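What follows is the residue order along each chain.
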Amino acid sequence: MSTVTTDSGITVTQLAGHIGAEIGNVDLAGPLSDAVINDIRQALLKWKVVFFRNQQIDHAQQVAFTSRFGEVTYAHPHEDEPIEGHPQILPIDRSRYERRNGLRRSSYESRWHTDVTAAVNPPAGSILRAVDVPSFGGDTQWANLVAAYEGLSAPLRALADTLKAEHRFAANTRIPAGSKLAKRFADNPLVAVHPVVRVHPETGERALFVNPGFTSHIVDVSPAESEKLLELFFEQVTKPAYTVRFHWNNGDIAFWDNRATAHLAPQDLDHIEVERVLYRTTITGDVPVGVDGFRSQLIEGEFFGNAVPTALQQARQVVADAQPA
Ligand SMILES: [Fe+2]
């Protein structure tokens, strides 16, 4: 086993060839020194996703831990029923999805994706805490987008460096038209153009920043060319060689660098009646920058930070105005 003990005393154990490490000897409920936080950050930058086993923390402690790494965002651009008292917490809850959206699924996006890349500033990181998960199945997988980029041949890397792509909710959609979820996306459109290769703001590494969940097409090329290029890039970012797979137990926490990874929600539970409840927080991200200095462009919607999204505020106002005085 390849385990390193850092100067602050935490242990970092590599889990797969290209991505993933388990962090031990740390209690996220307790006060954490700046040295421990810095060592977690360094492990995250190196391994792209880090895991903490058997942590006993509540919503407020999750938000407090997340805030040590940056500003904590509002729960999600389309979350119109945030948890009372905890507007930053997004429930990842199968029965809640079914109740609210009429869809049985484990996450708002069931394909390989990077969180909220429809925003001009996708979250820098995501922290997911398992509270009520089945003992079998329900694994999540993550892929290292830097390794995926570096695994391309030099001529393809050079081509990818020059490309830009549009990202939007329900791209390549399997969400039924007319469903509540489709309406939620239509009422609050979020669209951005990102560089296909993103230069990581902290490590300087290049990541292949496209994903099947949100990337609709490559811009400035023909539709046929876009389709072929995305097929090639999607295959590259989802190659098993660049992934790690994690089985959850209650109390486990995953923390991923959303600037350098994609992930896949469980695929094996849709036919089973089983509860699965986790809670996510995200860290406000910067605007991606490409190899040539291109900065992502906002096409529709707004910057995604800690504020309640304008479209959700307006919808609430309409409801409030309709109430009798
Ligand atoms: Fe996700």
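Okay, so let's go over this structure. (Residues numbered from 1 in each chain as written. Predicted model: local features only at pLDDT ≥ 70, side-chain atom pairs only at ≥ 80, totals over all residues. Heavy atoms only, no water.)

Taken together, the protein donors to the iron ion comprise His113 (NE2), Asp115 (OD) and His263 (NE2), at separations of 2.1 to 2.2 Å. Sequence positions of the donors to the iron ion reduce to the motif H-x1-D-x147-H. Residue histidine 113 shares its accessibility class with aspartate 115, and that shared class is buried. (Donors = N, O, S within 2.8 Å, 3.2 Å for Na, K, Ca; no water. Buried < 20%, exposed > 50% of the residue type's maximum accessible area, 1.4 Å probe, protein only.)

You can see arginine 276 is positioned in the loop between strand S15 (261-264) and strand S16 (277-283). Aspartate 268 provides the closest opposite charge to the buried, salt-bridge-free arginine 276, at an N-O distance of 7.1 Å. Discounting residues that sit within four places of it in the chain, arginine 276 has contacts with Ile92, Asp93, Arg94, Ser106, Asp132, Val133, Pro134, Gly138, Thr140, Trp248, Pro266 and Leu269. (Helix = DSSP H or I, 4+ residues; strand = E, 2+ residues; numbered from the N terminus. Lys, Arg positive; Asp, Glu negative; His and termini not counted. Salt bridge = Lys/Arg side-chain N within 4 Å of Asp/Glu carboxyl O. Contact = heavy atoms within 4.5 Å.)

To continue, consider the sheet that holds strand S7 (residues 140-144). Taking strand neighbours across the sheet as the criterion, the three strands line up as S13-S7-S15 in an open arrangement whose pairing is antiparallel. Unpaired on one side and paired on the other, strand S13 (243-246) and S15 mark the two borders of the sheet. Geometrically, the sheet is characterised by an average inter-axis angle of 20° between neighbouring strands, direction not taken into account. Sheet topology note: the S7/S15 ladder contains four bridges and is antiparallel. What sits directly across from alanine 143, in S15, is alanine 262. (Pairing = 2+ DSSP bridges. Axes fitted to C-alpha atoms, helices over the stretch in contact; angles between N-to-C directions.)

Turning our attention to the packing of aromatic side chains. Applying the stated criterion across every chain, the model contains ten aromatic pairs. Summarising the aromatic geometry, the rings of tryptophan 142 and tryptophan 248 are spaced 6.3 Å apart at their centres and angled 55° between planes, so their arrangement reads as tilted. Taken together, the residues span a long stretch of sequence, with tryptophan 142 in strand S7 and tryptophan 248 in the loop between S13 and strand S14 (253-257) at a distance of 106 residues. Residue classification places tryptophan 142 among the buried residues on the basis of a relative accessible area of 0%. The class of tryptophan 248 is buried, set by a relative accessible area of 2%. Site record: aromatic cluster; members linked through ring pairs are Phe51, Trp142, Phe246, Trp248 and Trp256. In this structure, lysine 164 is placed above the aromatic ring of phenylalanine 294, and the distance from its NZ or CZ to the ring centre is 4.9 Å. (Phe/Tyr/Trp six-rings, centres within 6.5 Å; stacked < 30°, edge-to-face > 60°. Lys NZ or Arg CZ within 6 Å of the ring centre and 35° of its normal.)

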